Structures are given as structure tokens and as C-alpha cells.
Amino acid sequence: MEVSKADISAGIKRQIASDRKKSSDKKFHVSYRGKDLALDLVKVHDDRLSSLGGGKYFACVDMKATDGIIYDIDFFMAGEPGSMRVTETSVHKINGKPLYNWKEEGGVWKRVRVS
């Protein structure tokens, strides 16, 4: 069965909600360069849900820190339709400035350095 964009989006939203429930401040936490970021969900970019090949997927999610900085977090996922799970998170952009970029090669997306 093919994983749909709705499966990926639902998996991300489930993960964020689950992590927020467990957190004492009800925020989603991501580690970035040794710093703990406490974040609130702004938007899942449903238009940017993509396959990485090999049953792995990613999506961009905008999240806002308590200091007002907007972080674009890439969520990497794996699993079957209806039970997608987040396997990794990565800070992709800070206030719109990319730390790395994506390039499509043969229908599969790969991370590339910012030039």
C-alpha cells in the first residue's frame, strides 16, 4: 500500500501532540546545537510532504519558539499507512534562512549543502 500525504501529516501531528502531552510545559522539544528548543506548532506544510525512498518520508513543519523565532523543522518518518512514526527531526531553517537544502533526483529527495 502506498503512503499518502495525509498519512505523513497525521503521523507528524500525532507525534507532536504526544510529545507535548508528556512535556511539563506542553511544548514540543527539539535539540539544536546543544540547546533545547521549546516549540509550538504553527503549520505542517502538507504541500511539502515527500518520499526519500526506501519507505522513508519527510515533511517541513513551521514551529515557533517562546522568543518568537520561527524554526522550520524537517520530520523524517517511516512506517505503514495509518501508523507512520517519526524517526528523526532536524532544524532546516531559522527565520526562513536554510541550514541545508533539498534536491530531487529521480523522484527521491536528497539533502544538499547550502551554497
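Structural notes, computed from the coordinates.

So, how was this worked out
- Residues numbered from 1 in each chain as written.
- Predicted model: local features only at pLDDT ≥ 70, side-chain atom pairs only at ≥ 80, totals over all residues.
- Heavy atoms only, no water.
- Salt bridge = Lys/Arg side-chain N within 4 Å of Asp/Glu carboxyl O.
- Helix = DSSP H or I, 4+ residues; strand = E, 2+ residues; numbered from the N terminus.
- Buried < 20%, exposed > 50% of the residue type's maximum accessible area, 1.4 Å probe, protein only.
- Core = buried A, V, L, I, M, F, W, Y, C linked by side-chain atoms within 4.5 Å.

Taken as a whole and assessed by the stated rule, the structure comprises 2 salt bridges. The salt bridge partner of K27 is D40, with a shortest N-O separation of 2.6 Å. Here D40 lies in strand 2 (residues 35–44) and K27 lies in the loop between helix 1 (5–22) and strand 1 (28–32), a separation of 13 residues in the sequence. Of the charged contacts, one joins E88 and R111 as a salt bridge, the two residues approaching to 3.4 Å between their closest N and O atoms. One end of the pair, E88, is in strand 6 (residues 85–94); the other, R111, is in strand 9 (residues 108–112), and 23 residues separate them in sequence. According to the relative accessible area criterion, R111 is partly exposed, its value standing at 39%.

With that settled, consider the nonpolar core. Counting residues in each nonpolar core, the largest one holds 23 residues, and the members touching the most others are I8, I12, L39, M63 and F75. Where this core is concerned, the elements lending two or more residues are helix 1, strand 1, strand 2, strand 4 (56–65), strand 5 (70–78) and strand 6. With 5 residues, the single largest contributor to this core is strand 4. Core analysis: the next-biggest nonpolar cluster, separate from the first, contains 6 residues, L52, F76, Y100 and W102 among them.

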